[in-house]
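The lines below spell out each chain.
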Amino acid sequence: SEELASLKDCLMRLLSELETRVLRLYLEGRSYEQIAGRLSCDTKSVDNALQRIKRKVDLHLQSRQVYQ
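Note that this is a predicted model, so its numbers are computed, not measured.

A.B. asks: How should I be thinking about the nonpolar core in this particular structure?
C.D. replies: Core analysis: the biggest nonpolar cluster contains 13 residues, and Val22, Ile35, Val46 and Ile53 have the highest contact counts within it. Among the elements that take part in this core, helix H4 (residues 43-66) stands out by supplying five residues, more than any other. Leave out the neighbours within four places in its chain, and isoleucine 35 touches Val22, Leu25, Tyr26, Arg30 and Val46.

A.B. asks: Which parts of the structure should I look at to understand the side chain of glutamate 19?
C.D. replies: Among the structural elements, glutamate 19 can be located in helix H2 (residues 17-27). Residue contacts for glutamate 19: discarding those within four places in its chain leaves Leu14, Ala49, Arg52, Ile53 and Lys56.

A.B. asks: What's the story with the pattern of salt bridges in this structure? I'm lost.
C.D. replies: Close approach of charged atoms allows side chains of opposite charge to pair. Using the criterion set out here, one finds five salt bridges in the structure. Between aspartate 9 and arginine 13 there is a salt bridge whose closest N-O contact spans 3.1 Å. Linking aspartate 9 with arginine 13, this pair stays in helix H1 (residues 2-14), spanning four residues, or about one helical turn. Salt-bridge contacts for lysine 44 lead to aspartate 47; the nearest nitrogen and oxygen are separated by 3.5 Å. Here the residue lysine 44 and the residue aspartate 47 both occupy positions in helix H4, the gap between them amounting to three residues, near one helical turn. Connected through shared salt-bridge partners, Glu19, Arg52 and Lys56 make up one network.

The rules behind these values
- Residues numbered from 1 in each chain as written.
- Predicted model: local features only at pLDDT ≥ 70, side-chain atom pairs only at ≥ 80, totals over all residues.
- Heavy atoms only, no water.
- Core = buried A, V, L, I, M, F, W, Y, C linked by side-chain atoms within 4.5 Å.
- Buried < 20%, exposed > 50% of the residue type's maximum accessible area, 1.4 Å probe, protein only.
- Helix = DSSP H or I, 4+ residues; strand = E, 2+ residues; numbered from the N terminus.
- Contact = heavy atoms within 4.5 Å.
- Salt bridge = Lys/Arg side-chain N within 4 Å of Asp/Glu carboxyl O.

This is the structure:
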């Protein structure tokens, strides 16, 4: 759908490399601990990345509502 394509484009443009990697693993069903282990980072870094991703997605969705 158009909305999904728009969200995917937004994520590709706005997410950092770490955020992209965290999101991919999270969507695979990995736990924070598993993601942190895979990416050699702290679980708090995973949590922070997911919080930033959620904020970016929320902002994108809000901007799309304004234009509809």
